[in-house]
Amino acid sequence: QSRIIVQEYVAKIGCYNIRTRKLLYTLTTEITAPSYWHCNQSQFGNLRYADDDMFPLLYVAMQDDDNNRGSWVAFRIIPVITDGEISSFTVAQVQTIHLPVMTDENCMGHPNIAFDALNNCFWAYHRNNNSAAANYRKAHFSKFAIPAIWNGSVLVSDVDLTDADILDSFEDDWSMLYAQGGFILDGKLYIAQGMPSANYIYMRVVDLYVKRKMVTIVDLLRAGISIEPEGLFYYDGNIFITTGSARILRLQFE
């Protein structure tokens, strides 16, 4: 029933109780991150650093680095227990996954990433960074296996993925410009997109395995939501929007 939100190059982390609508605590970390660590999205994966860890690894998607690669950085969350309750937690970086270098062929520009827990993989959704405007008008999707954390007793702290690691991919005929965070549920990818200054805010739903295209679009701006949707998450039958402030919005559909 908790949601962890990462801000400011992993310098700040907040934990919210979704049921009570309360901010439980905030953590100022000692992590000094490079400038490209713009926290586009955070999600728990399937792997744990140690079998008896309370939490699986928390993965944070980063924007392109100086080598035109997006990154997926994994952190170990270690709870601090006080009087039998979690009072806070510490954070340790354990792995950085570098996605393939962006080319005009793989269109791996400004990727966001979402876990597919049922299929034990993750999908990147991305676009071409070529300056030609037409190259922004295609949405691209690429599937990857989740890299192992351990090679025997040795920690795998850096992973460099290439085009050969793409297990599946397809494209769709709409723009991925200003794509935000999202999640995968029952084989469908839910993506937040846009911002008030762009004059559009959408939620797009993409069928990853059957139709392999966008199947639903919801105009959130016309519905009265005029705040940048940094990410989406699903909890207890509801879809929520995280924002750049302390606000979390719950969507209600009629």
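This text gives an overview of the structure that appears in the document. Because the structure is predicted, anything quoted here is derived from the model rather than measured.

## As for the pattern of salt bridges
Now for step 1: The tally for this structure, following the rule as stated, stands at six salt bridges.
Now for step 2: The residue arginine 76 makes a salt bridge to aspartate 53 at a minimum N-O spacing of 2.8 Å. Residue arginine 76 is located in strand E6 (residues 71-82), and its partner aspartate 53 is located in the loop between strand E4 (41-44) and strand E5 (58-62); the two are separated by 23 residues in the primary sequence.
Now for step 3: Taking the relative accessible area as the measure of exposure, aspartate 53 reaches 12% and is therefore buried.

## Examining the sheet that holds strand E15 (residues 179-185)
Whether parallel or antiparallel, the strands of a sheet pair through hydrogen bonds between backbone atoms.
Now for step 1: Taken in spatial order, the four strands line up as E15-E16-E17-E18 in an open sheet, and their pairing is antiparallel. Both outer strands of the open sheet, E15 and strand E18 (213-219), are each paired with one neighbouring strand and no more. Each neighbouring strand pair of the sheet contributes to a mean axis angle of 20°, computed without reference to strand direction.
Now for step 2: Across five bridges, E15 lies against strand E16 (residues 188-195) in antiparallel orientation. Along E16, the bridge assignment pairs alanine 179 with glutamine 193.

## Concerning a nonpolar patch on the surface
Now for step 1: On the surface, a nonpolar cluster with roughly 250 Å² of combined accessible area is contributed by Met54, Ile81 and Ile86.
Now for step 2: With respect to the helices, strands and loops of the structure, isoleucine 86 is situated in strand E7 (residues 85-98).

## Observations regarding the side chain of glutamine 95
Now for step 1: Locating glutamine 95 in the fold gives a position in strand E7.
Now for step 2: Within polar-contact distance, the side chain of glutamine 95 engages the backbone oxygen of alanine 148 at 2.9 Å.
Now for step 3: Engagement of the side chain of glutamine 95 in a polar contact is seen with the backbone oxygen of valine 156, the distance being 2.8 Å.
Now for step 4: Dropping the residues within four chain positions of it, glutamine 95 is found in contact with Tyr59, Trp72, Val73, Ala74, Pro147, Ala148, Ile149, Val156, Ser157 and Val159.

## Focus: the packing of aromatic side chains
Now for step 1: Using the criterion set out here, one finds 17 aromatic pairs in the structure.
Now for step 2: Measuring from centroid to centroid gives 4.9 Å for tyrosine 59 and phenylalanine 115, while their planes differ by 70°, and the two rings are edge-to-face. You can see tyrosine 59 sitting in strand E5 and its partner phenylalanine 115 sitting in strand E8 (residues 109-116), a full 56 residues away along the chain.
Now for step 3: Summarising the aromatic geometry, the rings of tryptophan 123 and tyrosine 209 are spaced 5.7 Å apart at their centres and angled 85° between planes, so their arrangement reads as edge-to-face. One end of the pair, tryptophan 123, is in strand E9 (residues 121-127); the other, tyrosine 209, is in the loop between strand E17 (200-207) and E18, with 86 residues separating them in the sequence.
Now for step 4: We classify tryptophan 123 as buried; its relative accessible area is 0%.
Now for step 5: Exposure remark for tyrosine 209: the relative accessible area of 30% places this residue in the partly exposed category.
Now for step 6: An aromatic cluster is present here, built from Tyr59, Trp72, Phe115, Phe122 and Phe144 joined pairwise through their rings.

## Side note on a negative patch on the surface
Now for step 1: Among the surface-exposed residues, Asp104, Glu105, Asp163 and Asp165 lie close enough to one another that they form a single negatively charged patch.
Now for step 2: Accessibility expressed as a relative area gives 32% for aspartate 165, which makes it partly exposed.

## Considerations on the side chain of threonine 96
Now for step 1: Positionally, threonine 96 belongs in strand E7.
Now for step 2: Judged by relative accessible area, threonine 96 falls into the buried class, the value being 7%.
Now for step 3: In contact with threonine 96, other than residues within four places in its own chain, are Ser71, Trp72, Val73, Ser157, Asp158 and Val159.

## Regarding the sheet that holds strand E10 (residues 139-145)
Now for step 1: The four strands lie next to each other as E8-E9-E10-E14, forming an open sheet whose pairing is antiparallel. Among the strands making up the open sheet, the edge pair consists of E8 and strand E14 (168-172). Between one strand axis and the next, the sheet turns through 20° on average, direction left out of account.
Now for step 2: Here E10 pairs with E14 via five bridges, running antiparallel. Bridging across to E14, serine 142 finds its partner in serine 169.

Quick notes on the rules
Residues numbered from 1 in each chain as written. Predicted model: local features only at pLDDT ≥ 70, side-chain atom pairs only at ≥ 80, totals over all residues. Heavy atoms only, no water. Salt bridge = Lys/Arg side-chain N within 4 Å of Asp/Glu carboxyl O. Helix = DSSP H or I, 4+ residues; strand = E, 2+ residues; numbered from the N terminus. Buried < 20%, exposed > 50% of the residue type's maximum accessible area, 1.4 Å probe, protein only. Pairing = 2+ DSSP bridges. Axes fitted to C-alpha atoms, helices over the stretch in contact; angles between N-to-C directions. Patch = residues over 30% accessible without salt bridge, like charges linked within 9 Å, V, L, I, M, F, W, Y side chains within 5 Å. Areas by Shrake-Rupley, 256 points an atom, 1.4 Å probe, with all protein chains shown as cover. Polar contact = N/O pair within 3.5 Å; in protein donor to acceptor, adjacent residues only side chain to side chain. Contact = heavy atoms within 4.5 Å. Phe/Tyr/Trp six-rings, centres within 6.5 Å; stacked < 30°, edge-to-face > 60°. Lys, Arg positive; Asp, Glu negative; His and termini not counted. Charge placed at Lys NZ, Arg CZ, Asp CG, Glu CD.

Purely geometric stuff here, so don't read any function into it on its own.
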